[in-house]
Amino acid sequence: MRHTTDSFRSNFPALETISGAFDTLENSPRRHFEFRTKTRRVLPTFCLTLIFLAPAWAQNAAAQDQNASLFGLPSRQHLFGDWGGERTALAEKGITFDFFYIADLEDNPTGGLQQSHAGWERIRGTIDISFDRMISWQGLSVHATGLWQTGANLGVKVGTLANPSDLVSAHTTRLDSFWLQQVFFDKKLRIRAGQLAGLDFYGNQDYGGSWLIEPMGYAFGNLFSSIFESFNPAGTPGVEVRFAPKKSFYVKSSVMSGNRDPYHQDPTGTNFEIANSPNFLFEVGYLLHPPDDGTSATAASDGVKTYPGSYKFGGIYNGGKFPNAAGIKSTGNYLIYGMASQAIFRTDAGSNRGLDATVGFDYSPDDVARENVQVTVGGRFNAPFASRKSDRVAVALVYSKISDSFSNFGTLLGGAPLGSEKAIELNYSLQVTPYWYVQPVFQYYVDVGANSALPNAAVFGFRTKVNF
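Calculation notes
Residues numbered from 1 in each chain as written. Predicted model: local features only at pLDDT ≥ 70, side-chain atom pairs only at ≥ 80, totals over all residues. Heavy atoms only, no water. Helix = DSSP H or I, 4+ residues; strand = E, 2+ residues; numbered from the N terminus. Buried < 20%, exposed > 50% of the residue type's maximum accessible area, 1.4 Å probe, protein only. Contact = heavy atoms within 4.5 Å. Areas by Shrake-Rupley, 256 points an atom, 1.4 Å probe, with all protein chains shown as cover. Polar contact = N/O pair within 3.5 Å; in protein donor to acceptor, adjacent residues only side chain to side chain. Salt bridge = Lys/Arg side-chain N within 4 Å of Asp/Glu carboxyl O. Pairing = 2+ DSSP bridges. Phe/Tyr/Trp six-rings, centres within 6.5 Å; stacked < 30°, edge-to-face > 60°. Lys NZ or Arg CZ within 6 Å of the ring centre and 35° of its normal.

**Student:** What should I look at first to understand the overall build of the chain in this one?
**Tutor:** Each helix and strand counted, the chain has 10 helices and 16 strands in total. Burial status across the chain gives 50% buried among its 468 residues. Within the chain, contacts between residues separated by at least 24 positions form 66% of all contacts whose residues are at least 6 apart in sequence. When the accessible area of the chain is evaluated, it comes to approximately 20500 Å², of which 61% is carbon and sulfur surface.

**Student:** Can you walk me through the side chain of Ser-254 in this structure?
**Tutor:** Along the chain, Ser-254 turns up in strand β7 (residues 249-257). Only 2.7 Å separates the side chain of Ser-254 from the side chain of Tyr-202, close enough to count as a polar contact. Excluding anything up to four places from it in sequence, Ser-254 contacts Tyr-202, Val-239, Glu-240, Asn-279, Phe-280 and Leu-281.

**Student:** What's the story with unusual backbone geometry in this structure? I'm lost.
**Tutor:** The general pattern is negative phi for most residues beyond glycine and trans for most peptide bonds. Residue Pro-233 is bonded to the preceding Asn-232 through a cis peptide linkage, with omega at 10°. Considering the arrangement of structural elements, one finds Pro-233 in the loop between α7 (223-227) and β6 (236-246). Phi is positive for Trp-83, which is not a glycine, with a value near 55°. Here Trp-83 lies in the loop between α3 (29-60) and α4 (86-92). With a relative accessible area of 30%, Trp-83 lands in the partly exposed category.

**Student:** For this particular structure, what's the right way to read the pattern of salt bridges?
**Tutor:** Opposite charge on two side chains lets them pair, provided their charged atoms get close. Summed over all chains, the structure comprises 12 salt bridges. Measuring nitrogen to oxygen at the nearest pair gives 2.7 Å for the salt bridge that ties Arg-463 to Asp-166. Taken together, the residues span a long stretch of sequence, with Arg-463 in strand β16 (residues 457-467) and Asp-166 in the loop between α5 (154-158) and β4 (172-184) at a distance of 297 residues. Taking the relative accessible area as the measure of exposure, Asp-166 reaches 9% and is therefore buried. The closest approach of N and O atoms between Asp-391 and Arg-388, which form a salt bridge, is 3.3 Å. Exposure class is identical for Asp-391 and Arg-388. Each is buried. A cluster of three or more residues bridged by salt bridges with shared partners is formed by Asp-104, Asp-166 and Arg-463.

**Student:** Got a minute to help me understand the pairing of strand β1 (residues 95-110) in this structure?
**Tutor:** Regular strands place their side chains on alternate faces of the sheet. In terms of strand pairing, β1 meets strand β2 (residues 116-130) through 14 bridges, oriented antiparallel. Residue pairing for β2: Asp-98 is matched across the bridge by Thr-126. Counted between consecutive antiparallel strands, the loop separating β1 from β2 contains 5 residues, among which Gly-111 sits at a positive phi close to 85°.

**Student:** Got a minute to help me understand the packing of aromatic side chains in this structure?
**Tutor:** Describing an aromatic ring pair means giving the distance of the ring centres and the angle of the ring planes. Tallying each qualifying case throughout the model produces 13 aromatic pairs. Relative to Phe-231, the ring of Phe-224 lies with its centre 5.1 Å away and its plane at 80°, an arrangement referred to as edge-to-face. Take Phe-224 and Phe-231: they sit in the same class, and that class is buried. Through a chain of ring-to-ring contacts, the aromatic side chains of Phe-224, Phe-228, Phe-231, Tyr-263 and Phe-322 assemble into a single cluster. Geometry around Trp-83 places Arg-87 over its ring, the cationic atom sitting 4.5 Å from the centre. Positioned above the aromatic ring of Tyr-207, the side-chain terminus of Arg-380 is 3.9 Å from the ring centre.

See below:
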């Protein structure tokens, strides 16, 4: 989500070795300018080098065992290993953990409102407890996630609608989500209650981890600005009911608090604050060859390739007050969306190596929603090299449109008419070890902020993630 944040130098400690050099030059304007100019040239070159060298490194590693890592690093699943066997022992009792560190570092050497660099980092921890093996209460589970994050918002500096990083929101240490869940009738019915992030479940991308740009890497970026759907990590109290008569088909509906300023209304995430008007959410989905239906395993044993897919349509309604371009408020607003994600090519039976494609759209009425249409299209090729089964190359296009009423109203104030922003992304995800990957990325924005008067912007950067 897009929020104004403090400067990168004071709020990105994990990469202080990169940013700290700027502080030493603040008392010398000329040296500061020269240093920034050189940095602006070096970072894009470095990122382009990563993009093109990553496949080369992967190809050179083709002779390695499929489960081995690059550069001879340990190939265990987590950086800290199995905790002397305790991690496995706890998992057997139904207690699982997920801890990771993730960071984006990006720079735009040209275009947009200004040229700048920014980074964002996050440490996140999750615990899931299933009581099936601990007590006789079957189908009951609990989930909790907390995080710390900080950094600077490159999207605000450049002026984009689609943020270059899907991690960005606000500096915070908070409880993200917490819920109790009970399943009934052989998992056909699920009831979940607690603190939920709506964008994690309604409008989220099935292949989200394949990109950095916000609408592709996480969920449609205008869901909060248009309808105030709660987002990660600013979850809000809510209840969800999901019914799946078959594993290939489901219907789910939720009611969640539509907090309009969640970081201030509930700074730590532990107050479970219910504020403003609620959101009513609905989604229906169809899953082609879901992973746990046994079809894929049977097809693989028969030497048949399978092509899993996901198709979903949903909507959100909020009955609160919403202002139009002139500031006049009216009651109620809604947003609808549709998404399709499909494997379209596989090299071998029982393998995910091949091409996946995804497309999605959302729409809300243009009278009260400033950014009322967003379209996403993406493709990814899993395991471009046979021996590098966890690597991935991905490309995406994001189209974001300003509604006609807001675009035309701006011209009455003497501004340029706004239209639509088009953004592309190309990246390569290099799995260095099972617990660490590096993902260099290139993004290009046409009509930044839907303003044709702004020069097109190029963004270079990379993401890195370590699982503990």
